[in-house]
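Working through the structure, step by step
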Amino acid sequence: MQSRTTDVWATGLGAMTPLGADATTTWSAMCAGENGVSPLHQSWAETLPVRIAAQLPTDPAEALERTEARRLDRCEQMALATARDAWDDAKRPEVDPERLAVVIGTGIGGIGSLLDQNHTLMTSGPRRVSPHTVPMLMANGPAAWVSMEFGALAGVHSPVSACASGAEALALGLDLIRSDRADMVIAGGVEASIYPLTLAAFARMLALSTDNAAPELACRPFDTGRNGFVLGEGAAIVVLERAEHARARGVTTPHGRLLGAGLSASASHITASDTPGQVRAIRQSLRTADLSPADVGVVHAHATSTPQGDVAEADAITSALGSHPVVTATKSMTGHLLGASGALGAVAAILSLRDGTVPPTRNLRDLDPEVDCDVVTGTARTGHWDCALVNSFGFGGHNVSLVLGRP
């Protein structure tokens, strides 16, 4: 039976994003309002209507041994390297393997390997297809490789909930600990989908910004001039741990705490945002944390920079919480990491509470009059907050909200 009183700590953080190869570098860049969006210089991008993206500054394969990198898809490389960083940050804890679980979500999975091997099949025949293709393309691959890396026997799970996947992974991690099925969970999200097909497909939906001439200005959540999101890539991992377990191994202060999670389904439209569904997720997250709307001081918004989606979320925030929280939209810097975005939002929220700093929303010059929120612009906002909310919403009607607390 789940106990809401179980204290769940975040004892390790890892991130690999367009702003940096690790969590520390990413966080510093976020707080400074730096830009992670750049032109695509690959030859295949020349004929696309969208020729910008938020790409990693380093090759994730360089963080791994050559032999292991060759058998992994790019998203699996990111997941393994980032999980190792998070585990190191947690001080490489000793844990009973039967009390350790892994939950890593992704929206698309190993699409790069799928496309590459299909090209090989079409041009060179079936005998040239790699025998590693299936493990490289399957969406549960990142979680599976991480579970083998750390010998996690309490369960390995892979939420595939579009852009809500990473946040749902943390929600499931919270459930695993509170239901006494695990003492520690390596939880997060990963995405590596900057390829011609995905860019062309999102562009055909009119979902992407077409500001090819000024990539650094392209993603502008809540701004009147916003015209779509920027596709990004990356990974974010949080080591979640039962507080008693952490104390027993000498941890006195975590990075932060995961207090609650709310999940809802919109069941209304395959791609459109749904304010009522988002409100239900936010309110459920507060109920599971035994908190009230007044307790939330910071909101790390999903805010992807789409005309309809940003307003729908702003309405959900004010309906469920009021207009008092400080709101930030960090996708303005990182682009939209799809299945990794919610996990990265959780990392940012944890660090916001720990350090008393909320990153600015980059490129916000003219706040949409329909957005009745206190959105951080210009420079980072400093202060003291006890609780933060992270929103993460995905195509298919997936709504996830996480509640984080100070150390």
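Residues numbered from 1 in each chain as written. Predicted model: local features only at pLDDT ≥ 70, side-chain atom pairs only at ≥ 80, totals over all residues. Heavy atoms only, no water.

Quick notes on helix α3 (residues 74-89)
What counts, and what does not: Numbering goes from the N terminus for both helices and strands, where a helix is a DSSP run of H or I of at least four residues and a strand is a run of E of at least two. Expected helix span is given by 1.5 Å per residue-to-residue step, counting one fewer step than there are residues. Exposed residues in this analysis have more than 50% of their type's maximum accessible area, buried residues have under 20%, and partly exposed residues fall in between, with area computed by a 1.4 Å probe over protein chains only. Any N or O atom pair separated by 3.5 Å or less is treated as a polar contact, with the protein-specific requirement of one donor-capable and one acceptor-capable atom, and with residues adjacent in sequence counted only for side-chain atom pairs.
Under the 1.5 Å per step criterion, the end-to-end length of α3 is 23 Å for 16 residues, consistent within 8% with the ideal 22 Å. Taken together, the buried positions of α3 are Cys-75, Glu-76, Gln-77, Met-78, Ala-79, Leu-80, Ala-81, Thr-82, Ala-83, Ala-86 and Trp-87. Between the side-chain oxygen of the N-cap and the backbone nitrogen of Cys-75 there are 2.9 Å, and the N-cap of α3 in question is Asp-73. Of the residues trailing α3, Lys-91 is marked for its positive phi of about 70 degrees.

A short note on the pattern of salt bridges
Put simply, the rule reads: Salt bridge, as used here: a side-chain nitrogen of Lys or Arg that lies within 4 Å of a carboxyl oxygen of Asp or Glu.
This structure, assessed with the given rule, holds 17 salt bridges. The partner of Arg-220 in a salt bridge is Asp-211, and the shortest N-O contact between them spans 2.8 Å. For Arg-220, a relative accessible area of 15% translates into the label buried. Look at the salt bridges and you will find they share partners, linking Arg-99, Asp-180, Asp-183 and Arg-242 into a network.

So, the side chain of Ser-209
Heads up, the condition is: Note on contacts: a residue pair is in contact if any heavy atoms of the two residues lie within 4.5 Å.
Within the secondary structure, Ser-209 is located in the loop between α8 (196-204) and β7 (234-242). Assessed through its relative accessible area of 1%, Ser-209 is described here as buried. From its side chain, Ser-209 meets the backbone nitrogen of Asp-211 in a polar contact 3.3 Å long. If we ignore the near neighbours within four places in the chain, the residues touching Ser-209 are Val-50, Ile-52, Ala-218, Asn-227, Gly-228, Phe-229 and Val-230.

Focus: the packing of aromatic side chains
For clarity, the threshold we go by: Two rings belonging to Phe, Tyr or Trp (six-membered ring only in the last case) form a pair when the distance between their centres is within 6.5 Å. Interplanar angles under 30 degrees mark stacking, angles over 60 mark edge-to-face geometry, and anything in between is tilted.
Counted according to the given criterion, the structure contains three aromatic pairs. Taken together through their ring pairs, the aromatic side chains of Phe-202, Phe-229 and Phe-395 make up a single cluster.

Concerning the pairing of strand β1 (residues 8-16)
Along any regular strand the residues' side chains alternate between the sheet's two faces. We count it as follows: For two strands to count as paired, DSSP must find a minimum of two bridges between them.
The element β1 is extensively covered by neighbouring structure, given that nine of its nine residues are classed as buried. Pairing of β1 with β7 involves eight bridges; the strand directions are antiparallel. The residue bridging Trp-9 from the neighbouring strand is Glu-241, located in β7. Sheet topology places β1 next to strand β8 (residues 256-265); two bridges connect them, and they run antiparallel. Residue Ala-10 lies in a different strand from β8, and its bridge partner there is Gly-256.

Side note on the pairing of strand β14 (residues 387-394)
With eight of eight residues buried, β14 lies mostly within the body of the structure. In β14, alternate side chains face the same way, and those of Cys-387, Leu-389, Asn-391 and Phe-393 on one face and Ala-388, Val-390, Ser-392 and Gly-394 on the other are all buried. Here strand β9 (residues 298-300) runs beside β14; their pairing, made up of three bridges, is parallel. Looking at the pairing, Val-299 lines up with Leu-389 of β14. Linking β14 to strand β15 (residues 398-405), which pair antiparallel, is a turn of three residues; within it Gly-396 sits at a positive phi near 100 degrees.

Regarding the packing of helix α10 (residues 275-289) against helix α11 (residues 307-320)
Selection rule: To get an axis, a line is fitted to the C-alpha atoms, and for a helix only the part in contact is used. The angle between two axes follows their N-to-C directions and goes from 0 to 180 degrees. Working rule for angles: under 35 degrees goes down as roughly parallel, over 145 as roughly antiparallel, 65 to 115 as roughly perpendicular, anything else as oblique. Crossings are assigned a handedness: left-handed for a near helix turned anticlockwise from the far helix by less than a right angle, right-handed for a clockwise turn. Under the scheme applied here, ten amino acids are nonpolar (Ala, Val, Leu, Ile, Met, Phe, Trp, Tyr, Cys and Pro), four are charged (Asp, Glu, Lys and Arg), and all others, including Gly, are polar.
Running from N to C, α10 and α11 point in directions that differ by 45 degrees, and their axes come no closer than 9 Å. Between α10 and α11, the angle is such that the two are oblique. For α10 against α11, the interelement crossing comes out right-handed. Packed against α10, whose contacting residues are Thr-275, Gln-278, Val-279, Ile-282 and Arg-283, the element α11 presents Ala-312, Glu-313, Asp-315, Ala-316, Ile-317, Ser-319 and Ala-320 at the interface. Class assignment for the residues of the contact of α10 with α11 results in six nonpolar, three polar and three charged.

Quick look at the environment of Arg-354
Positionally, Arg-354 belongs in helix α13 (residues 341-355). C-alpha of Arg-354 to C-alpha of Met-184: the two residues are 170 residues apart in sequence and 21 Å apart in space. Those residues in contact with Arg-354, other than ones at most four positions away along the chain, are His-255 and Pro-407. Here the side chain of Arg-354 touches His-255 through a polar contact of 3.0 Å, side chain to side chain.

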